[in-house]
Each structure stands twice: as C-alpha cells, then as structure tokens.
Amino acid sequence: MNKDILAQKEADVIALSEKMEAASSVVLVEYRGLSVKEVTELRRALREEDVEFKVYRNAIARRAAEKLGHEDFAKTLVGPNALAFGKDPVAPARVLAKFAKKHEALVLKTGIVDGAMVDEATIQKLSALPNKEGMLAKFASCLNAPVIKFAMTVKALAEAKENGSVKTEEAPATEEAAA
C-alpha cells in the first residue's frame, strides 16, 4: 500500500480511539435495512440529545477499539455498523433503544460506558434512565423532601394555632406556684 494511505488510516485510527476515549458513552448499532429517511430521522433524534452518529469502516473501528483494550468490542464489528458517541452516558442508549422499538432493522449490539464494556441488555437498562439533568433533579427533590415536609408541618401547626383549633396545654402547676 501507499505510505500516504497507511499514514491516513493510522491517523483515522488515532482520531477514532481518542473520540471513543473522550466520550462518556459509545454505542454500536447495526443499521442494515433502514431507509435513508429512517436514518435521517435517527440522526435528527440523536442530534437533539447532543449525540454524534457516524459510520466508520470496521477495520478502522476494530483497530481503535483494540488500541483502547476493548477486544470484545472489536469482535462485534461485523456488517454495516455505526457508532453513537455521547457526552451523557445514557443519551445514546436512550435514543437508540427508543428508535429500535419502532424500527426493528436497527440492532443494538454493544457499547462502552465510562470505559467499561456493556452488552445489549445493559444498553436497554440504561435507556430507561433519565438524562443527567433529570437524574440531578430527582436527586435534588429527594434532598428537599424532608425539609419541605418539615416546613409544611410547622406552617400547618402555626395556622392551626392562629385559628384556635389547636389548644396549647398549660404547664402543670408546680409546688412553688401553690405555695
């Protein structure tokens, strides 16, 4: 082969391995059987979630995965594949799984989430999780719940005292008060 071509392929492997390493989540899918319209619809849905979707030659993707130590990922690179890269660990899985439910031609294969290999079943489980902002909102509401309940109880007690519906007990008389 020409030295220029080999140098270009090596540069492509390095660029892809850096992209895979930088992403929080990489999901591998097989898109055989999808129409151009369906692929365009999928790309649009992924773009809305800030997920990059790109087709790479299997040889380039295989070498990049092996360079990162993901030999099992490299073994699944058979057929027409595409990679989805996300900054959010669950965004690619969520969008791709939702799309795959409607379009059986899209097959979820495997992925790398936070540096660890995951199988198709794990990708399905990840797809049920909300995005990072949604998880943070749920966490914040869990932290706020006890404080809010306490504040509501104090407010209800204060309102009840104002209305006179709660009688305050007087302290029992002590011996000193009787004398």
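Use the structure listed above.
Remember, predicted model here, so these are calculated numbers, not experimental data.

Cut-offs and rules
Residues numbered from 1 in each chain as written. Predicted model: local features only at pLDDT ≥ 70, side-chain atom pairs only at ≥ 80, totals over all residues. Heavy atoms only, no water. Helix = DSSP H or I, 4+ residues; strand = E, 2+ residues; numbered from the N terminus. Axes fitted to C-alpha atoms, helices over the stretch in contact; angles between N-to-C directions. Parallel < 35°, antiparallel > 145°, perpendicular 65-115°, else oblique. Contact = heavy atoms within 4.5 Å. Nonpolar A, V, L, I, M, F, W, Y, C, P; charged D, E, K, R; others polar. Left-handed = near helix turned anticlockwise from the far one by under 90°.

A.B. asks: Help me get a handle on unusual backbone geometry, residues and values and all.
C.D. replies: Of note, the phi angle at Asp50 is positive, near 60°, even though the residue is not glycine. Within the fold, Asp50 resides in the loop between α2 (36-48) and β2 (51-54). One non-glycine residue, Asp114, adopts positive backbone phi at about 50°. Position of Asp114 among the secondary structure elements: in the loop between β4 (107-113) and β5 (116-119).

A.B. asks: Tell me about the packing of helix α5 (residues 91-102) against helix α6 (residues 120-127), and please be specific about residues and values.
C.D. replies: Where α5 contacts α6, the two axes come as close as 8 Å, and the packing angle between them is 100°. One finds that α5 runs roughly perpendicular with respect to α6. Facing Ala93, Arg94 and Ala97 of α5, the residues of α6 in contact are Ile123, Gln124, Leu126 and Ser127. Grouping the amino acids of the contact of α5 with α6 by side-chain chemistry returns 4 nonpolar, 2 polar and 1 charged.

A.B. asks: Go over the packing of α2 against α5, please, and point to the residues and values.
C.D. replies: Interaxial distance between α2 and α5 falls to 10 Å at its minimum, and their mutual angle equals 150°. With respect to each other, α2 and α5 are oriented roughly antiparallel. Where α2 crosses over α5, the handedness of that crossing is right-handed. Across from Glu38, Glu41, Leu42, Ala45 and Leu46 in α2, the residues of α5 making contact are Val95, Leu96 and Phe99. A per-class count over the contact of α2 with α5 returns 6 nonpolar, no polar and 2 charged.

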